[in-house]
Amino acid sequence: MLEIAADLVERVRRETPFVTATVMSVVGSAPRQPGSSLVVDADGTVLGNVSGGCVDAAVHDACREMLAGDHRPRTLRFGYSDADALDVGLTCGGTIELLLRHHDPATEPWLEAALADAASGRAVAVATIVRGPETHFGRMIAVRPVRPVAGTLGDELLDQVAGAQATGALHAGRTGTLELGVADSYCREPMTLLVESNSPPPRMLVFGAIDHAAALARLGSFLGYRVTVCDARATFTTPERFPDTEVVIEWPHRYLGSQAEAGLLDQRTVVCVLTHDPKFDLPLLTAALRMPVAYVGAMGSRRTHEERLARLRHAGLTSGELDRLHSPVGLDLGARTPQETALSIAAEIVAHRHGGSGASLSTGVPIHHSAPSTGAPAFSS
């Protein structure tokens, strides 16, 4: 529900009860991912959606029933294989599972602060037990990077463990489910925790104040990144050339290092090197490829790429580190202009972020990519 926090916080301040229907899990093709919510309040107002339209009417009816009757949390499942698929099923062919939960702001004093943080762009996550024993089912906590857990899941030790797990998801900017197992000794029955994270926008660091950088900065902002253009050449690195974008005049590797030391980079950070000048590229890429950032791409011809790889190997980078480099940067779109080139770079970043192939959807590749369902905690980001 954090995605519609700005609208919800006023209802909480007025102590208006409401019901949230939140996507817990997605199997197959579905238009909305875990954390997406539809809200119906006691005044009849509807906010958000959970399916892009195909089951929202049925979910709305279920929320109204909960407002008028039994307030205990429960789950709903919708899928194309359901008997009533043509009426309320997901016509896209996937299955979604929802948690319906009644909220009374008068009994959840921590909720207003969590929603206010999310509405203001501050880092906060809400974690809800969506599967588990009845005594814990539907309970929620709020976590922030450095503050104590707010609310309770019904057990102090469980609050501590779940809070630590949710904080890790928050630092990574991820929303999704994770499992709390009996083997971990802090719960008698397996539990599933849905973590909804609201983090500051991810960073896109564009190095090289060229025309391609201006186009990429605009696309990066459109995609929700906080974009910074950095170059050591003051003549080219000006606010006039990069309106509405943070510009920094500094040697690229020094700026990258300073941001890392200040803790301002994370696992969502994107680094795009557009200079193709060895005196800038080599120290910058040497540093970037050793950092736990999401993506490192570098512009240049194939000959430039091979020469760059040879220099980076000589600088001591391992094969594993070099495998992280996307170069020549971008997907094959036949791009010619700076704007088209920026689009090819942005497309590769999106594909890398979500595990896309970059192939045409008409070839039969999946339209929607699901988060992993086994092994490590499954997050969608």
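Let us look at the structure shown here. (Residues numbered from 1 in each chain as written. Predicted model: local features only at pLDDT ≥ 70, side-chain atom pairs only at ≥ 80, totals over all residues. Heavy atoms only, no water.)

We now examine the overall build of the protein. Scanning the protein from N- to C-terminus turns up eleven helices and 17 strands. A sequence separation of at least 24 residues applies to 60% of the contacts in the protein between residues at least 6 apart. For the protein, the accessible area works out to roughly 18,000 Å², and carbon and sulfur atoms hold 52% of it. (Helix = DSSP H or I, 4+ residues; strand = E, 2+ residues; numbered from the N terminus. Contact = heavy atoms within 4.5 Å. Areas by Shrake-Rupley, 256 points an atom, 1.4 Å probe, with all protein chains shown as cover.)

Closest axis-to-axis distance for the helix H1 (residues 5-13)/helix H4 (residues 111-119) pair is 8 Å, and the angle between their directions is 150°. Relative to H4, the element H1 lies roughly antiparallel. Here the hand of the crossing between H1 and H4 comes out left-handed. For the pair formed by H1 and H4, the contact residues are Ala-5, Ala-6, Leu-8, Val-9, Val-12 and Arg-13 on the first element and Leu-111, Glu-112, Leu-115, Ala-116, Ala-118 and Ala-119 on the second. (Axes fitted to C-alpha atoms, helices over the stretch in contact; angles between N-to-C directions. Parallel < 35°, antiparallel > 145°, perpendicular 65-115°, else oblique. Left-handed = near helix turned anticlockwise from the far one by under 90°.)

For the rest of this paragraph, the subject is unusual backbone geometry. With an omega of -5°, the peptide bond running from Ser-327 to Pro-328 counts as cis. Along the chain, the position of Pro-328 falls in the loop between strand E16 (325-326) and helix H11 (338-354). The backbone of Glu-15 shows a phi angle near 55°, a positive value even though the residue is not glycine. Residue placement: Glu-15 occurs in the loop between H1 and strand E1 (18-27). Its identity is not glycine, yet Asp-244 carries a phi of approximately 60°, on the positive side. Note on placement: Asp-244 falls in the loop between strand E12 (226-231) and strand E13 (246-249). Judged by relative accessible area, which is 82%, Asp-244 ranks as exposed. (Buried < 20%, exposed > 50% of the residue type's maximum accessible area, 1.4 Å probe, protein only.)

What follows deals with the sheet that holds strand E14 (residues 270-273). Strand order in the open sheet made by the six strands is E13-E12-E11-E14-E15-E16, with parallel pairing throughout. A single partner strand is all that each edge strand has here, and the edge strands are E13 and E16. For E12 and E13, the ladder comprises four bridges, and the chain directions are parallel. Across the sheet, residue Thr-228 finds its bridge partner in E13, namely Glu-246. Each of strand E11 (203-207), E12, E13 and E14 is contacted by helix H7 (residues 252-261), which is oriented at about 165° to E11, the strand it contacts most. Taken strand by strand, helix H8 (residues 278-288) contacts E11, E14, strand E15 (295-298) and E16, and its axis lies near 160° from that of E14. (Pairing = 2+ DSSP bridges.)

The subject of this paragraph is H8. Within the sequence span of H8, burial applies to Phe-280, Asp-281, Leu-284, Leu-285, Thr-286 and Ala-288. Buried residues in H8 make contact with E11, H7, E14, E15, helix H9 (302-314) and E16.

Here H7 crosses H8 at 20°, and the two axes come no closer than 8 Å. With respect to H8, the element H7 is oriented roughly parallel. Judged by residue contacts, Pro-252, His-253 and Leu-256 of H7 engage Phe-280, Pro-283, Leu-284, Ala-287 and Ala-288 from H8. The residue makeup of the contact of H7 with H8, split by class, is seven nonpolar, one polar and no charged. (Nonpolar A, V, L, I, M, F, W, Y, C, P; charged D, E, K, R; others polar.)

Hydrogen bonds between backbone groups are what pair the strands of a sheet, and the pairing can be parallel or antiparallel. Here we have five strands laid out as an open sheet, ordered E3-E2-E1-E5-E4, and antiparallel in their pairing. Both edges of this open sheet fall to strand E3 (46-48) and strand E4 (74-79), since each of them pairs with a single strand only. With direction set aside, neighbouring strand axes in the sheet form an average angle of 20°. For E1 and strand E5 (residues 95-103), the ladder comprises nine bridges, and the chain directions are antiparallel. When the bridges of E5 are listed, Ala-21 appears paired with Leu-100. The strands touched by H1 within the sheet are E1, strand E2 (37-41) and E3, with E3 carrying the most contacts at an inclination of about 140°.

Moving on: the pattern of salt bridges. Across all of its chains, the model carries 16 salt bridges by this definition. Glu-97 is the salt-bridge partner of Arg-131, the closest N and O atoms lying 2.5 Å from each other. Pair noted here: Arg-131 is in strand E6 (residues 124-131) and Glu-97 is in strand E5, with a separation of 34 residues, a long-range link. We note a salt bridge from Asp-231 to Arg-233, for which the minimum N-O separation is 2.9 Å. The class of Asp-231 is buried, set by a relative accessible area of 1%. Connected through salt bridges with shared partners, the residues Glu-10, Arg-13 and Glu-112 form a single ionic network. (Salt bridge = Lys/Arg side-chain N within 4 Å of Asp/Glu carboxyl O.)

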